[in-house]
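Residues per chain, in single letters:
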Amino acid sequence: MNNNDLQLAKQNLGGNTLVAVRDGNVVATSNLHGIAPMMRLYDDGANLTGAAVADVVVGKAVAMLFVATGITAVYGSNMSVAGRDYLEEHGVCVEYGTLCPYIINRTGDGFCPMEQAVSATDDPMEGIALLKATIAKLITHK
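Described in the following lines is the structure provided in the data block. (Residues numbered from 1 in each chain as written. Predicted model: local features only at pLDDT ≥ 70, side-chain atom pairs only at ≥ 80, totals over all residues. Heavy atoms only, no water.)

Some remarks on the packing of aromatic side chains
Summed over all chains, the structure comprises one aromatic pair. Measuring from ring centre to ring centre gives 4.3 Å for tyrosine 102 and phenylalanine 111, while their planes differ by 45 degrees; the resulting arrangement is tilted. (Phe/Tyr/Trp six-rings, centres within 6.5 Å; stacked < 30°, edge-to-face > 60°.)

Written as structure tokens, this is what we have:
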């Protein structure tokens, strides 16, 4: 990773929810919310190996996607303790604006369902399967 990649990702975060930079070039941006930006990049087979990412909210769920795609540095404007710990345990360079105990759901009255889905695993592939199952369940219950 180019040492400036994380700084460049952070600088481009305004107006985006996620920015990925590799070798001084912005390689992906999104304004989707939750884990959707990284899930879409993962599903599309985006090559993010060695990239640095800035994201508005980083919990363990999206941290698993970062690890699975080979991202080497992450900045989270808001990062959960579980997200930070997971990234650090997998050798990812971590920076954050605000460290919070956990990620809350969109209604603000409980835990994020994506975080709950991956709470019992540390395997990124198992975590991604659990995330996809949770998303499918949430879609069918709307």
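That was the structure; now back to the text.
Looking at the pattern of salt bridges
Using the criterion set out here, one finds four salt bridges in the structure. Residue aspartate 85 is joined to arginine 84 by a salt bridge in which the shortest nitrogen-to-oxygen separation is 2.9 Å. Relative accessible area serves as the criterion here: at 28%, aspartate 85 is assigned to the partly exposed category. (Salt bridge = Lys/Arg side-chain N within 4 Å of Asp/Glu carboxyl O. Buried < 20%, exposed > 50% of the residue type's maximum accessible area, 1.4 Å probe, protein only.)

Observations concerning the pairing of strand E4 (residues 73–80)
Counting buried positions over the eight residues of E4 gives six, a clear majority of the element. Of the strand pairs in this sheet, strand E3 (residues 52–58) and E4 are connected by six bridges, and their pairing is parallel. Considered in E4, the bridge of valine 53 is made with valine 74. Handedness of the E3-helix H3 (residues 60–68)-E4 crossover: right-handed. Two strands pair when backbone bridges link them, and E4 and strand E5 (residues 93–100) are joined in this way by seven bridges, in the parallel orientation. Across the sheet, the residue bridging to glycine 76 is tyrosine 96, located in E5. At this point the chain moves from E4, through helix H4 (residues 81–89), to the parallel E5, and the crossover so formed is right-handed. (Helix = DSSP H or I, 4+ residues; strand = E, 2+ residues; numbered from the N terminus. Pairing = 2+ DSSP bridges. Right-handed = clockwise from strand over helix to strand, strands pointing away.)

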